[in-house]
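Structural description and commentary
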Amino acid sequence: MRLTFSIVFGILIILLLVCMLIAHRSRKSIGAYVSLVLVSLIPPIVGNLILINSEEMALSTVGCYFYHLGMDLAVMALYRFSFEYCDMDWKKNKWRFPIYALIVLDFVQYALNPIFHQAFGMERVIVDGFDYFRMVPHFGQYVHRAFDYALLLSVIIIFIFKIKNCSKIYHERYISILGVLIMATIWQMIFVLFRIPVDRSMIGIAILGIFVFFFSICYRPLRVLDRMLANMASEMPQAMYFFDAFGKCIWANDEGIRFSKIKDEEFDEVTKGLEEMFGDLDRDLDDWEEQFVIGEDDKARHYAVEKHIVKDDEHITGSFLSVRDNTSERKAFFQEVYNATHDKLTGLYNKDYLYNRIQEKIFSNRDIQFLVIFLDIRNFKIINDIFGFEFGDYSIKCIADWLRKDKSSNCVYGRIAGDTFGMCIPKDEFDTEKTEAELSDFVVNENGKVHHVPIHIGVYEVEKDDTDVSVMFDRAHLAISMVADDYHDHVIFYNNTLRDKILWDQEISAQLPKALSERQLKPYLQPIVDNSGKVVGAEALVRWNHPEYGFLGPGSFIPVFEKNGLIVEVDQYMWRCACEILSDWKKKNIDMFISVNISPKDFYFTDVTSVLKEYIHKYDIDPSKLRIEITETVMMSDIASRMETLKELKNYGFVVEMDDFGSGYSSLNLLKDMPVDVLKIDMMFLSATDDDLKALTIVRNILNLSANLEISSLTEGVETVDQYRTLSELGCNLFQGYYFAKPMPLDEFENFCTKNVNEEEMSRYKNISFS
């Protein structure tokens, strides 16, 4: 019998240790409390094993200590575990510290037992012919038993309370542990009451530990899961269908029953009805989902159908299908997509989507030659100002309707911005003459408001290597810029000349920084003479000595830089060059001035006054020697600020010249207020008219006006001796033009000035004879 019990208890100890290790490694929060219960059950079993196999009193006494102290630990561990397992707050348990104290006292009284023998003694008994030592309980032992049974009773009460207050589907996990606990407790009480030498109740205690491990760590409440899943499926808004391994419907939720229109759970008809709506439900894929549209137009309904296979290892055990009516979602989605890709006013594609569709159209139809068209409404702001925004919007809609008219599926069109549209059309579908005729007579009529809307369209022929749609539209737009305010031609094609100009503009713009650093740009000086023919100064004009293209006149690059703003860098470079020349002349005792140009963009992108002052200080020159030429266009905007700048320059000592007076929109009102020292008169009055008398009268009055305002006069563009003599007689102070000399490099200019120039010598230099 001893051997049998030893084997049984040994196996139980090993099982408890294995379970303890698994619980300890578990990620569940309760794992620590489970492992504590399991490890605390081992000492009483070990103590009982010692009592069974011992024939000596001392060893049996040790076994008793293991047994009873181990029971204290086991009962306390069960008590702590019950709080965690039954979802009770241990920190709110006001008895926990007294219980800890009682356990400590129980340990102390057992420790004092060898001295006072107040807990227990030992007696020899014979069972089945074997000697055993049985414990003889004293007062301390009865106290120990009362404490342990009280804790066990508390654990039982906790479990009963939990069972009473939880859902029935959770009873299994609590009743199982409670039943084993009660069985083991009764078994142990029988052992105590009848003073049986061998405590077989330890088997029940070990089984209790295994139950605690299983239901805390390994147990999966399948009934709970089944009930929860069933409730969830029933309450889902979409139709749910469950099928067995053979595709037969075995259950459907309420929405599924309603959707299939079946009665009394006639699930056999479900599969047939679903396949009539959605086709074959068996696909090659285990899991699939698809969107279906049932019906047409406004009555169409959208359904999202999903099917999933359920497998047990490698075998299919069944499947489930969900059908969700997502009509409102899909319509909202389509509306959102439409709003994101279409213009709100016209219903045409917006810019981004238009560009994407054109790119797709061109790439997917490489065999078709396409044209990209940029449409621009000229002076659309005037339409809004005169007729109002409602009429302007109506005009936009009319143009959109015109774009839609008679277009094939290969055409793509949309609204790019407020008054601009874009279109991609096959070349053979575009009729230039018809389009020109329609645009020439494009009239918008709304409730008696009639207006001819001027429209220009730029056309770019898509080339084989073109990929960037925005570049195509840029080129079509550039074609429109060629006609500016021409209201006769409405259809303009982008051509190679314009392309070459764009490439040239890009090339020289990119080369400008290097050209400035290498001084490829040179100041050419054109002499300015007085009445006696003496050279008194010069105007600095820029020329480009290009390493690849040779000598470049200003007309090939200045307009480009004025348009893109790089003229600011060129102007500052020329100011610096002029200051360098004046500084050198100062050292050579050459007393002449140099006029430099200031463009309108200089005032926008730099502090003109500060830069010029800095150069004056740097090169130590007289500011009156650096004359400032401005054009009338400088004063066309921000007049007050420009006036202040010019006054500051004049007060500092600079001489301010108004260039090209008479060639633009000269304003006498501006002239009376502007701090101008020199008025430069353009000779267009004498060279570009058939009525010389009128031209002469205008020039005479301009010269008289400048004299009366105490403003010096300088006439530029003097090309003949008659012009020179006439202007001298009219009282002009200074002269400039090809009659005297063309613009020349610095060294030639200095050589020209050092000669004793008289009229005959000037004639030889210019190869012009005086009559």
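Residues numbered from 1 in each chain as written. Predicted model: local features only at pLDDT ≥ 70, side-chain atom pairs only at ≥ 80, totals over all residues. Heavy atoms only, no water.

**Section: the overall build of the protein chain**
Looking only at helices and strands, the protein chain has 29 helices and 23 strands in total. In summary, the protein chain has a C-alpha radius of gyration of 53 Å against a globular reference of 28 Å for 771 residues, an excess of more than 25%. Every one of the 771 residues in the protein chain was classed for burial, and the buried ones make up 46%. When the accessible surface of the protein chain is summed, it comes to about 41,100 Å², and 55% of that surface belongs to carbon and sulfur atoms. (Helix = DSSP H or I, 4+ residues; strand = E, 2+ residues; numbered from the N terminus. Rg over C-alpha atoms; globule rule 2.2 N^0.38 Å. Buried < 20%, exposed > 50% of the residue type's maximum accessible area, 1.4 Å probe, protein only. Areas by Shrake-Rupley, 256 points an atom, 1.4 Å probe, with all protein chains shown as cover.)

**Some details on the sheet that holds strand E10 (residues 420–426)**
Where strands meet in a sheet, backbone hydrogen bonds hold them as pairs that are either parallel or antiparallel. In space, the five strands of this open sheet follow the order E9-E10-E8-E13-E14, with mixed pairing throughout. Each edge of the open sheet is held by one strand with a lone partner, namely strand E9 (412–417) and strand E14 (491–493). Strand-to-strand, the axes of this sheet are offset by a mean angle of 20°, without reference to chain direction. In the sheet, strand E13 (residues 455–461) pairs with E14 via three bridges, with the strands oriented parallel. Its bridge partner being in E14, Val 459 is matched across the sheet by Phe 493. Against the sheet, helix H16 (residues 432–440) engages E13 and E14, with an angle of about 140° to E14. (Pairing = 2+ DSSP bridges. Axes fitted to C-alpha atoms, helices over the stretch in contact; angles between N-to-C directions. Contact = heavy atoms within 4.5 Å.)

**A word on the layout of surface pockets**
Taken as a whole, the second largest pocket spans an internal volume of roughly 500 Å³. Around the second largest pocket, the lining is made up of 34 residues, and of these Tyr 67, His 68, Gln 188, Phe 191 and Val 192 lie nearest the centre. When contributions to the lining of the second largest pocket are tallied by element, the ones reaching two or more residues are helix H2 (31–53), helix H3 (57–85), strand E2 (130–137), helix H6 (139–165), helix H7 (171–193) and helix H8 (201–218). For the lining of the second largest pocket, the leading source of residues is H7, giving eight residues. (1 Å grid on protein atoms, 1.4 Å probe; cavity = no way out; pocket = protein on both sides within 12 Å on 5 of 7 lines; lining within 4 Å. Points joined across faces, edges and corners; volume = space filled by probe spheres on them.)

**Regarding unusual backbone geometry**
Residues other than glycine seldom take positive phi values, yet Asn 379 does so here, at roughly 55°. Assignment of secondary structure puts Asn 379 in the loop between strand E8 (370–377) and helix H14 (380–387). Positive phi values are uncommon outside glycine, yet Glu 710 reaches one of about 55°. The residue Glu 710 is located in the loop between helix H26 (692–708) and strand E22 (712–716) in this model. Given a relative accessible area of 75%, Glu 710 falls into the exposed group.

**Here's the deal with the environment of Lys 464**
Residue placement: Lys 464 occurs in the loop between E13 and helix H17 (469–481). Take Lys 464: its relative accessible area is 74%, and that puts it in the exposed class. For the pair Lys 464 and Ile 362, spaced 102 residues apart in sequence, the C-alpha to C-alpha distance is 9.8 Å.

**A word on the packing of helix H1 (residues 2–25) against H8**
Packed helix pairs are specified by the crossing angle of their axes together with the interaxial distance, meaning the distance between the axes. Put simply, H1 and H8 touch, their axes get as near as 10 Å, and they point 20° apart. Relative to H8, H1 is oriented roughly parallel. By crossing handedness, the relation of H1 to H8 is classed as left-handed. Each of Val 8, Phe 9, Leu 12, Leu 15, Leu 16, Cys 19, Ile 22 and Ala 23 in H1 lies in contact with H8, whose residues at this interface are Met 202, Ile 203, Ala 206, Gly 209, Ile 210, Phe 213 and Ile 217. Looking at the contact of H1 with H8 residue by residue, the classes come out as 14 nonpolar, one polar and no charged. (Parallel < 35°, antiparallel > 145°, perpendicular 65-115°, else oblique. Left-handed = near helix turned anticlockwise from the far one by under 90°. Nonpolar A, V, L, I, M, F, W, Y, C, P; charged D, E, K, R; others polar.)

**Quick look at the nonpolar core**
Core analysis: the biggest nonpolar cluster contains 77 residues, and Leu 521, Phe 561, Val 570, Leu 612 and Leu 626 have the highest contact counts within it. In terms of residue count, the dominant contributor to this core is helix H20 (residues 567–588) (twelve residues). Discounting residues that sit within four places of it in the chain, Val 570 has contacts with Leu 512, Leu 521, Val 542, Ile 558 and Phe 561. Formed by 58 residues, the second largest nonpolar core is a distinct cluster that contains Val 34, Met 71, Leu 181 and Ala 184. (Core = buried A, V, L, I, M, F, W, Y, C linked by side-chain atoms within 4.5 Å.)

**Structural notes on the pairing of strand E16 (residues 535–546)**
For E16, the buried fraction is high: ten of the twelve residues fall into the buried class. Judged from the nine bridges that link them, strand E15 (residues 521–529) and E16 form a sheet pairing that is antiparallel. Among the inter-strand pairings, Lys 522 is bridged to a residue of E16, identified as Arg 543. Between the antiparallel neighbours E15 and E16 lie five residues, among them Gly 533 with a positive phi of about 90°. In this sheet, strand E18 (residues 593–598) lies alongside E16 in parallel orientation, the contact comprising three bridges. Paired with Gly 537 across the bridge in E18 is Phe 593. In the sheet, E16 pairs with strand E17 (residues 550–552) via three bridges, with the strands oriented antiparallel.

**Considerations on a nonpolar patch on the surface**
A cluster of nonpolar side chains, Ile 182, Ile 186, Met 189, Ile 190, Leu 193, Phe 194 and Ile 196, forms an exposed patch at the surface whose accessible area comes to about 650 Å². Its location among the elements puts Ile 182 in helix H7. Overall, the relative accessible area of 33% leaves Ile 182 in the partly exposed class. (Patch = residues over 30% accessible without salt bridge, like charges linked within 9 Å, V, L, I, M, F, W, Y side chains within 5 Å. Salt bridge = Lys/Arg side-chain N within 4 Å of Asp/Glu carboxyl O.)

**Looking at the pattern of salt bridges**
According to the stated counting rule, one finds 26 salt bridges in the structure shown. Residue Glu 123 is joined to Arg 134 by a salt bridge in which the shortest nitrogen-to-oxygen separation is 2.7 Å. Of this pair, Glu 123 sits in strand E1 (residues 120–127) while Arg 134 sits in strand E2; the two residues are eleven residues apart in sequence, bridging distant segments of the chain. Owing to a relative accessible area of 25%, Glu 123 belongs among the partly exposed residues under this scheme.

**As for the confidence of the model for the protein chain**
Per-residue confidence for the protein chain gives a mean pLDDT of 85; residues scoring 70 or more make up 91%. Considering only residues more than four positions removed or in separate chains, one finds that residues 756–771, a stretch of pLDDT under 50, has 25 contacts. (pLDDT = per-residue confidence, 0-100.)

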